[in-house]
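Reading the structure
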Amino acid sequence: MQVEASFTELGTAPLELRMSRSSPGRYSVHDFAKNVYDVHAFTDDGRELPTTRPDPYGWNVSGHGGGVTVKYKIYGDRVDGTYLAIDTTHAHINMPAAIMWAHGLDDRPATLTFLPPAGTRWQIATQLHPGSTPLEFTAPNLQYLMDSPVEFGPIAMRQFSVGSRTFRFSLHHTGTDADLDAAVKDVERIVREEGAIYGEFPDYEPGTYTFLADYLPYASGDGMEHRNSTVMTGRASLRSDRQGLLDTVAHEFFHCWNVERIRPRSLEPFDLERANMSGELWLAEGFTQYFGPLVLQRAGLEDLSGTARTVAGLVEAVTLGPGRQLRSAEEMSRMAPFVDDGRPIDRTNWSSTVISYYQFGGAIALALDLTLRDRSDGRITLDDFMRAMWRVHGKPGGTREGYVDRPYTIDDAEARLAEVSGDRGFARDFFARYIQGHDVADYTRLLMRAGLVLRKRQAGRAWWGDLQIETRNGSTHVAALVPFKSPAYNAGLEQDDELRDLDGGRVGSSDDVDAVLRRHKPGDRIQVTFVDRTGTPKTAGVTLAEDPHLDVVPVESAGGRLTPAQKLFRESWLGPKKID
Ligand SMILES: [Zn+2]
Ligand SMILES: [Zn+2]
């Protein structure tokens, strides 16, 4: 893509052009400058100026006389919410991955004009403000500009209204119009159900909220929230993975309140040159992760068994993940700059020391929702907490578009819980134990209030840890970190060890291991022979444990009976809400 950017009224100081290192909504750092080439800077009268490189991410231009036009080319071939994708089918543009900006000009408005390749009839979908032609748009300042992705291609657009708000669904795909029309009906149900949680929609600055979906065989799966839009990408089609795509809609749209406007102070304003570190992602992402599937259930787009599976996944992540003893939910949130799509080439021990703040926060939301309902007999819920956060921190908005004037701290969130629950001591205790501490809620009791049984998925089954075993070139290896404190870990097995014999028989594949485990019971001791990474043969005893994996099932399908109280609790939690 050819990019030209003009900067005016610069005075005499050198112009410091930058490529972003981060992208609004993503928590890790990136090297977007790596795809920039053929950079040239010119004065207003067309004279080329030399550029210097202060660091890998910038170009400085001096002696410009007050105006500079920079021209460069940029390569991008990844369809997702973070990067840039240019090919003959579209220009899928995430601004930080594409646009050079300049130090000190954050408050200036920008005008953007898009030029399509010859012979195409591409259209634009974006949250940018419309300009004077169909291919011209404006942004009020740099924060808003960088938060505004653009889909420029052969899009199909549908729109619907809820109350006074207009929602647009833009789709670039290989499916049919009928697929799109059917999906948009479901999207509207999600939008209405989430609106019911907060009681109102935000004031979308361009007058509309826009879903930007690219469901293409060459896309990477992603969802990325922005202030007045979201980018959703995936390899699947609406026809083949409707549920997965709706799940993304439910998560991303919830963000137009939670994170975009109910915003942690640690993310405000967004730093384009380094990672913002936030201790509140268990709320910003985790609570969103909880409400997405809950809303699908309330909207009638997911059934009880599906919701129970999601709940089991959340409970299992915090209950079984050994990382909980090492890092609290607040500390897990601070790992985001490393784990949010970061791909280190060196090995990490994260599988044993990190629990995703999505799952951790989702499990906290589940515990808090059920606890609030439990202690108030259904009068106070997590919906009330989100509304309180919205009223105090989100709804007041910002004096400048794209900014939030009353972002929250973790203490603010605790204060809102104290108000909603009417019990300061309860709020302090909940934060201290489950968010800043290492305790895990009593999910068995809480879920039973809704007639859901939390139980072992394979009770009585022998287990030595969730080892990843790979057979290559005729030998069988431990292919990933051995889970901390699992029976295999306690026996001294390590990543890279070559498994030879287990319980007196040769190990030729992971099936052989499964067969051994099947014929034993928890507490049995078996022998393992292996060769460690130095080539030294070893033998050790493994004391098998019981498979700890969990399942959540409705009491009525676990041989029990749903009591009227449980039925009421369940309906109030999972049933549809009133929509205005
Ligand atoms: Zn596209
Ligand atoms: Zn999210």
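Please refer to the structure higher up on the page.
These lines cover the structure that appears in this document, whether it is placed above or below. Computed from a prediction, not measured in an experiment: that's the story for all the values here.

**A few points about unusual backbone geometry**
The residue after Glu268, namely Pro269, is reached through a cis peptide bond having omega -10°. You can see Pro269 is positioned in the loop between α3 (242-254) and α4 (281-298). A positive phi angle is found at Asp38, which is not glycine, with a value near 55°. Here Asp38 is to be found in strand β3 (residues 36-42). Even without glycine at this site, Lys485 takes up a positive phi of about 65°. Locating Lys485 in the fold gives a position in the loop between β24 (475-478) and α14 (487-490). Looking at Lys485, the relative accessible area reads 55%, which means it is exposed.

**Some remarks on the coordination of the zinc ion (ligand 1)**
Note on metal sites: the ideal angle is 109.5 degrees for four tetrahedral donors, and 90 or 180 degrees for six octahedral donors. Within the protein, the atoms that donate to the zinc ion (ligand 1) are His90 (ND1), Glu151 (OE), Glu151 (OE), His172 (ND1) and Asp214 (OD), at distances of 1.9 to 2.7 Å. For the zinc ion (ligand 1), all donor residues lie on one chain, and their spacing in sequence is H-x60-E-x20-H-x41-D. Of the two residues, Glu151 is situated in strand β15 (residues 150-153) and Asp214 in strand β18 (residues 208-215); the sequence distance between them amounts to 63 residues.

**Re the nonpolar core**
Soluble, globular proteins show a tendency: their nonpolar side chains are buried together. Counting 100 residues, the largest nonpolar core has Phe169, Phe253, Phe287, Tyr443, Leu447 and Trp573 as its most contacted members. Excluding residues that lie within four positions of it along the chain, Phe287 makes contacts with Phe254, Asn258, Trp282, Gly361, Ile364, Ala365, Leu368, Leu382, Phe385 and Met386. By size, the runner-up hydrophobic cluster in this structure holds 47 residues, among which are Phe7, Met100, Phe137 and Ala139.

**Comments concerning helix α5 (residues 304-320)**
The end-to-end C-alpha separation of α5 is 23 Å, in line with the 24 Å expected for 17 residues at 1.5 Å each. All buried positions along α5 are accounted for by Gly306, Thr307, Ala308, Val311, Ala312, Leu314, Val315, Glu316, Ala317 and Val318. Those residues of α5 that are buried lie in contact with α4, α9 (357-376), α13 (443-448), β21 (452-456), β30 (550-554) and α16 (564-574).

**Re the packing of α5 against α9**
Put simply, α5 and α9 touch, their axes get as near as 8 Å, and they point 110° apart. Accordingly, the angle class assigned to the pair α5 and α9 is roughly perpendicular. Taken as a pair, α5 and α9 cross one another with a handedness that is left-handed. Contacts between α5 and α9 involve Val311, Gly313, Leu314, Val315, Ala317 and Val318 from the former and Gln359, Phe360, Gly362, Ala363 and Leu366 from the latter. Here the residues of the contact of α5 with α9 are counted per class, giving eight nonpolar, three polar and no charged.

**A look at the sheet that holds β18**
Sheet architecture is open: five strands sit in the order β16-β17-β18-β20-β19, paired in mixed fashion. The open sheet is flanked by β16 (156-162) and β19 (222-225), the only strands paired with a single partner. Taking the axes of each pair of neighbouring strands and ignoring which way they run, one obtains an average angle of 15° across the sheet. Pairing of strand β17 (residues 165-173) with β18 involves eight bridges; the strand directions are parallel. Bridge pairing in β18 links His173 to Tyr215.

**A short note on the packing of aromatic side chains**
Taken as a whole and judged by the stated rule, the model has 30 aromatic pairs. Ring geometry for Phe253 against Trp257: centres 5.3 Å apart, planes inclined by 80°, an arrangement best described as edge-to-face. As far as burial versus exposure is concerned, Phe253 and Trp257 are alike and both buried. A cation sits over an aromatic face here: Arg53 above Trp59, 4.0 Å from the ring centre. Over the ring of Phe42 we find Lys71, and its NZ or CZ is 5.2 Å from the ring centre.

**With respect to the pairing of strand β7 (residues 68-74)**
Every other side chain in a regular strand lies on the same face of the sheet, so the side chains alternate between the two faces. With respect to burial, β7 is a largely interior element, five of its seven residues being buried. The sheet contact formed by strand β1 (residues 2-7) and β7 spans six bridges and is antiparallel. Its bridge partner being in β7, Ala5 is matched across the sheet by Val70. Alignment of β3 against β7, held across five bridges, turns out to be antiparallel. Across the sheet, the residue bridging to Val36 is Ile74, located in β7.

**With respect to helix α10 (residues 382-394)**
Burial analysis of α10 places ten of its 13 residues in the buried class, which makes it a mostly covered element. Within α10, the full set of buried residues consists of Leu382, Asp383, Phe385, Met386, Ala388, Met389, Trp390, Val392, His393 and Gly394. Those residues of α10 that are buried lie in contact with α2 (177-198), α3, α4, α9 and α11 (410-421). Sitting at the amino-terminal end of α10 is Thr381, which places a side-chain oxygen 3.1 Å from the backbone nitrogen of Asp383.

Reading guide: rules and limits
Residues numbered from 1 in each chain as written. Chains lettered and ligands numbered in written order. Predicted model: local features only at pLDDT ≥ 70, side-chain atom pairs only at ≥ 80, totals over all residues. Heavy atoms only, no water. Helix = DSSP H or I, 4+ residues; strand = E, 2+ residues; numbered from the N terminus. Buried < 20%, exposed > 50% of the residue type's maximum accessible area, 1.4 Å probe, protein only. Donors = N, O, S within 2.8 Å, 3.2 Å for Na, K, Ca; no water. Core = buried A, V, L, I, M, F, W, Y, C linked by side-chain atoms within 4.5 Å. Contact = heavy atoms within 4.5 Å. Expected span 1.5 Å × (residues − 1). Axes fitted to C-alpha atoms, helices over the stretch in contact; angles between N-to-C directions. Parallel < 35°, antiparallel > 145°, perpendicular 65-115°, else oblique. Left-handed = near helix turned anticlockwise from the far one by under 90°. Nonpolar A, V, L, I, M, F, W, Y, C, P; charged D, E, K, R; others polar. Pairing = 2+ DSSP bridges. Phe/Tyr/Trp six-rings, centres within 6.5 Å; stacked < 30°, edge-to-face > 60°. Lys NZ or Arg CZ within 6 Å of the ring centre and 35° of its normal. Polar contact = N/O pair within 3.5 Å; in protein donor to acceptor, adjacent residues only side chain to side chain.

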